[in-house]
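Residues per chain are reported as follows:
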Amino acid sequence: MRFASLLLAAASVASTVSAYWLGDIPHRGLAPFAGANYPVFRNVRDFGARGDGVTDDTAAINAAINAGNPCNRGCASTTTTPAIVYFPAGTYLISSSILPAYFTHLIGDAASPPTLKATANFAGFGLIDGNPYYSPVLNWKAVNVFFRQVRNFVLDTTAIPPATAATGMHWPTSQATSLQNIVFNMPATGDVVHVGLFIEEGSGGFMTDLTFNGGATGASMGNQQYTMRNFKFNNCKTAIIQLWNWGWTYHGLSINNCQVGIDISAGGPSKVETGSITVFDSSFTNVPIAIKTAWTTNSNPPTAGSLVLENIQVNNVPVVVQGPGGNVLAGGIGSSTIAAWGNGHGYTPSGPNDFSGPIAPNPRPAALLGANGRYYTRSKPQYENHPASSFLSVRAFGARGDAAADDTASLQSAIDTAVAQNKILFIDHGLYRVTRTIRIPPGAKIAGEAFPVILSAGAFFNDINNPRPVVQVGSYSGQQGYVELSDFIVSTQNAQAGAICIEWNLATAGGNPSGMWDVHVRIGGFTGTQQQVAQCPKTPGNPTVNPNCVVAYMAMHVTKGASGLYMENVWLWTADHDIDEQQNTQITIYSGRGLYIESATGTFWLWGTGSEHHVLYQYQLANTQNVFMGQIQTETPYFSPFPNALVPFNPNPALNDPDFRASCAGASGPNCATAWGLRVINSKNILVYGAGLYSFFDNYSTSCSTFAAGQVCQQRITSIEGAVSNVNIYNLNTIGTREMINRDGARVAWFADNVNTFASNVAVYKSG
Ligand SMILES: *[C@@H]1O[C@H](CO)[C@@H](O)[C@H](O)[C@H]1NC(C)=O
């Protein structure tokens, strides 16, 4: 009996080693600008890591990370040295920090996540230190750290004495990064000082499916903005400490047996450091104080500490919100649900009204809901139940991925064959240059390796009067079907004035919506695009457009017949600087439009998306409905107003483009003809849970984006137009913008009436 179970145990250990398909498939990723034999994929076992819980694997893991000399200590940023560092199941003992390079993903076996176990005398700032302090400043400028992931791990600090400082993970990073499926195990003693996740800076970002057990603080975090989903906190003293922020969106928090749930009291009432948080579809159980705030009716800055709660279950929570003067919202011993509650400035639809108390919850369209009336969510599929034989590689079809060969036919053949054979297409890392539209048909499941790039090129995509999709999902608007796309990038090369990077035509009804997870549009600013410092340097004060630097017509178009799309951690970025130039020098390139949704049926989820530096708008929704957005983040082009948004893209009425020549006639104030951050036309049930719409620059100078300067980078940034209903925004934060919201051109909210820490904040806007 005993002998048999030992054999079984041994067999199960053997079978879990590299049973996950990612470890088993052939590894053919190519980094064309990294030098010969640069390894994209690295298995830590190949570098001597044992994962036996006994051997110190620190050096072997860091050797796997640093093979091929990627962008680590002293390097500013890169797109040329991508890496996946794969950890088969096991327990990896470490005595100092794992230090991932820029553009390096750490990925554990998704079916059996490996444990990184700190030794008792562990030394380092984080079992994983995502941005080390080799000097008094971070190795990488936190707001420029993009394109990195960590998923499927257990981080264990329980061997470190509880009263000794320890950090599970240090992660000051920004857009297009993600953490997924990570458990933080810490001691749960009275004297514990361990912290699970620590973030002090950055411009995030997205995380999901994290569990924090024990510790003094589960997550201690400061950052401009974030979207975080499905976090569980068990037996932490404090689940979340917010060090500072502008806006933060929390969905699906489950906080259990913690003394304090979310502490947003940093700075105290005279200098509140938390701009705003939005918490919804969440629960607190056996938590004496769910939320601890510094906000009062006369705290400073006036709108800092803005709070919106919606659909919150409390069970044995005596105090739901505690302010400096005592309870602000009492709870109780039993269970109850808070439909919606908040404090801050409201415009419903006019204002500002100072409020603190219950508010009407958003009416939620059934089409957007999953179980229990919560908004539907689905984490990135990792295909942990599929063997390696379920995957087809694009390399097997002759795709080169060297940014030079024409890979149109081979890539298309790989996609079509994978669909025909019901396989998942693996896009090995590379830059796949295409000269015609790539079609993704219904049934496609595509996963990339460390963000391979589909790079449009040539005359086909360079006609500003005849725009064409680079990647077309569904071959006609309204085609029925279902797809899953993850971990790749769509881009353009040289002048591409007619390139629509992604066109979404697919209608998905019933069952799961189609999905895009960590699929990004990255326009310019990296090797292979020829849209870099050498070709498109910034030209402050010069309004003349260089036609070689008109590089995209639109980032993503969701067409009239499309419906049922789930987007998570999608960043539609026109580069403001050159990632592969070590000074990160700014560049001037032109992309016409960000994300345009004109679907009649609607039903879209945008979890943790951003759209930046497009000329006419970042997000535009027209004649649509049932769209969940949270958190959205936008930035206006840095070159504005040289030139302004009147050039080089003429308004296309067929796309409902904004016509600034008309709408700015007679407008007061500076810089009217400047990109909208969010424009909503004739739409209903547009439910925004957190928005950061920023305009930091005027002629490449940030001196316009302060309260002292009067936030004069641009005049307007949010436009609600026509017949709308339930266009509701929680925690709108604007920067550098005089008018925060306009309704049919008329000003609704003014920056100076809503001063927050760095932004202006409206906690609740309801269009009616
Ligand atoms: C724009 O910035 C450049 C560089 O700082 C400066 O030389 C120029 O005078 C500025 N133009 C205007 C109109 O402010």
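This one's a predicted model, so the numbers in the text were calculated from it and none came from an experiment.

1. Section: the overall build of the protein
And then number 1: Of regular secondary structure, the protein possesses five helices and 44 strands.
And then number 2: Here the C-alpha atoms of the protein give a radius of gyration of 25 Å, agreeing with the 27 Å that 2.2 N^0.38 yields for 768 residues.
And then number 3: Its C-alpha atoms give the protein principal-axis dimensions of about 85 × 65 × 50 Å.
And then number 4: Pairs at least 24 apart in sequence give 72% of the contacts found in the protein among residues at least 6 apart.
And then number 5: As displayed, the protein offers around 23,200 Å² of accessible surface, 53% of which is attributable to carbon and sulfur atoms.
And then number 6: Taken as two groups, the 39 positive and 44 negative side-chain charges of the protein have centres that lie 3 Å from each other.

2. A word on the layout of surface pockets
And then number 1: Put simply, the largest pocket is a space of about 460 Å³.
And then number 2: Lys141, Val143, Asn144, Asp576 and Tyr638 are the residues nearest the centre of the largest pocket, which is lined by 27 residues in total.
And then number 3: The residue inventory of the lining of the largest pocket, partitioned by class, reads ten nonpolar, 13 polar and four charged.
And then number 4: When its volume is computed, the second largest pocket comes out at roughly 210 Å³.
And then number 5: Lining the second largest pocket are 17 residues, with Thr508, Ala509, Gly510, Gly564 and Thr603 sitting closest to its centre.
And then number 6: Secondary-structure elements contributing two or more residues to the lining of the second largest pocket are strand S32 (563-574) and strand S34 (602-612).
And then number 7: Among the elements that line the lining of the second largest pocket, the one with the most residues is S34, at three residues.
And then number 8: A breakdown of the residues in the lining of the second largest pocket according to their chemical character gives seven nonpolar, ten polar and no charged.

3. Here's the deal with the UniProt feature "domain: Rhamnogalacturonase A/B/Epimerase-like pectate lyase" (unreviewed entry) in the protein
And then number 1: Mapped onto the present numbering, the UniProt feature "domain: Rhamnogalacturonase A/B/Epimerase-like pectate lyase" (unreviewed entry) falls at residues 41-263 and 391-505.
And then number 2: Annotated as residues 41-263, this span is 4% helix and 52% strand, and its ends, taken at the C-alpha atoms, are 40 Å apart.
And then number 3: Secondary structure across residues 391-505 divides into 11% helix and 37% strand, with the first and last C-alpha atoms of the span separated by 25 Å.

4. A few points about the state of the cysteines
And then number 1: Taken as a whole and assessed by the stated rule, the structure comprises four disulfides.
And then number 2: The disulfide bridge from Cys71 ends at Cys75, spanning 1.9 Å between sulfur atoms. Residues Cys71 and Cys75 are joined by a disulfide whose S-S torsion is about -100°; by sign, that bridge is left-handed.
And then number 3: Between Cys704 and Cys713 runs a disulfide, and the two sulfur atoms are separated by 2.0 Å. Between Cys704 and Cys713 the disulfide shows an S-S torsion of about 95°. By sign, it is right-handed.
And then number 4: Disulfide connectivity for the protein, with bonded cysteines indexed by sequence position, reads 1-2, 3-4, 5-6, 7-8.
And then number 5: A disulfide-free cysteine, Cys236 has its sulfur positioned 4.3 Å from the sulfur of Cys258, the nearest such atom.
And then number 6: When its relative accessible area of 2% is taken as the criterion, Cys236 is described as buried.
And then number 7: No disulfide involves Cys501; its nearest neighbouring cysteine sulfur is the one of Cys536, lying 15 Å away.

5. What to know about the site of the ligand
And then number 1: As a matter of local geometry, the ligand sits amid Pro540, Gly541, Phe642 and Asn699.
And then number 2: In the environment of the ligand, an oxygen atom lies 2.4 Å from a nitrogen or oxygen atom belonging to the side chain of Asn699.
And then number 3: Taken by itself the ligand offers 360 Å² of open surface, and the protein chains cover 32% of this.
And then number 4: Taken together, the residues of the shell around the ligand break down into two nonpolar, two polar and no charged.

6. Focus: the pattern of salt bridges
Opposite charge on two side chains permits them to pair, given that their charged atoms come into close proximity.
And then number 1: All chains considered together, the criterion is met by 14 salt bridges.
And then number 2: Note that Lys380 is salt-bridged to Asp487, the shortest N-O span being 2.9 Å. In this pair, Lys380 sits in the loop between strand S20 (353-358) and strand S21 (391-393) while Asp487 sits in strand S28 (residues 484-492), placing the two residues 107 residues apart along the sequence.
And then number 3: Counted as one network, the salt bridges with shared partners bring together Arg151, Lys380, Asp487 and Asp518.

7. Some remarks on the nonpolar core
And then number 1: Core analysis: the biggest nonpolar cluster contains 124 residues, and Leu485, Trp504, Met516, Met556 and Met629 have the highest contact counts within it.
And then number 2: Sort the elements by how many residues they give to this core and strand S31 (residues 550-558) lands first, with eight residues.
And then number 3: Setting aside residues no more than four positions away along its own chain, Leu485 makes contact with Ile440, Ile446, Val473, Trp504, Gly515, Met516, Trp517 and Val519.
And then number 4: In this structure, Ala64, Phe153, Val320 and Val321 belong to the second largest nonpolar core, which totals 66 residues.

8. Describing the packing of aromatic side chains
And then number 1: Across all of its chains, the model carries 51 aromatic pairs by this definition.
And then number 2: When the centroid spacing of 4.3 Å and the interplanar angle of 25° are considered together, the rings of Phe280 and Tyr689 count as stacked. Of this pair, Phe280 sits in strand S16 (residues 276-285) while Tyr689 sits in strand S38 (residues 684-694), placing them 409 residues apart in sequence.
And then number 3: Take Phe280: its relative accessible area is 0%, and that puts it in the buried class.
And then number 4: Looking at Tyr689, the relative accessible area reads 0%, which means it is buried.
And then number 5: Ring geometry for Phe460 and Phe461: centres 4.9 Å apart, planes at 90°, overall edge-to-face.
And then number 6: Exposure remark for Phe461: the relative accessible area of 0% places this residue in the buried category.
And then number 7: Three or more aromatic residues joined by ring pairs form one cluster here, namely Tyr20, Trp21, Phe41, Tyr86, Tyr383, Phe391 and Phe426.

9. Quick notes on the pairing of strand S37 (residues 676-681)
And then number 1: Counted residue by residue, S37 has six buried out of six residues, so it is predominantly covered.
And then number 2: As paired elements, strand S35 (residues 617-622) and S37 share five bridges and run parallel to each other. Within S37, the residue paired with Tyr617 across the bridge is Trp676.
And then number 3: As defined by bridge partners, S37 adjoins strand S40 (residues 718-721) across four bridges and the pair is classed as parallel. Paired with Ile681 across the strands is Glu721, a residue of S40.

Conventions adopted
- Residues numbered from 1 in each chain as written.
- Predicted model: local features only at pLDDT ≥ 70, side-chain atom pairs only at ≥ 80, totals over all residues.
- Heavy atoms only, no water.
- Helix = DSSP H or I, 4+ residues; strand = E, 2+ residues; numbered from the N terminus.
- Rg over C-alpha atoms; globule rule 2.2 N^0.38 Å.
- Contact = heavy atoms within 4.5 Å.
- Areas by Shrake-Rupley, 256 points an atom, 1.4 Å probe, with all protein chains shown as cover.
- Lys, Arg positive; Asp, Glu negative; His and termini not counted.
- Charge placed at Lys NZ, Arg CZ, Asp CG, Glu CD.
- 1 Å grid on protein atoms, 1.4 Å probe; cavity = no way out; pocket = protein on both sides within 12 Å on 5 of 7 lines; lining within 4 Å.
- Points joined across faces, edges and corners; volume = space filled by probe spheres on them.
- Nonpolar A, V, L, I, M, F, W, Y, C, P; charged D, E, K, R; others polar.
- UniProt positions renumbered as here; feature names shortened; annotations may be inferred.
- Disulfide = S-S within 2.5 Å.
- Buried < 20%, exposed > 50% of the residue type's maximum accessible area, 1.4 Å probe, protein only.
- Near = heavy atom within 4 Å.
- Polar contact = N/O pair within 3.5 Å; in protein donor to acceptor, adjacent residues only side chain to side chain.
- Salt bridge = Lys/Arg side-chain N within 4 Å of Asp/Glu carboxyl O.
- Core = buried A, V, L, I, M, F, W, Y, C linked by side-chain atoms within 4.5 Å.
- Phe/Tyr/Trp six-rings, centres within 6.5 Å; stacked < 30°, edge-to-face > 60°.
- Pairing = 2+ DSSP bridges.

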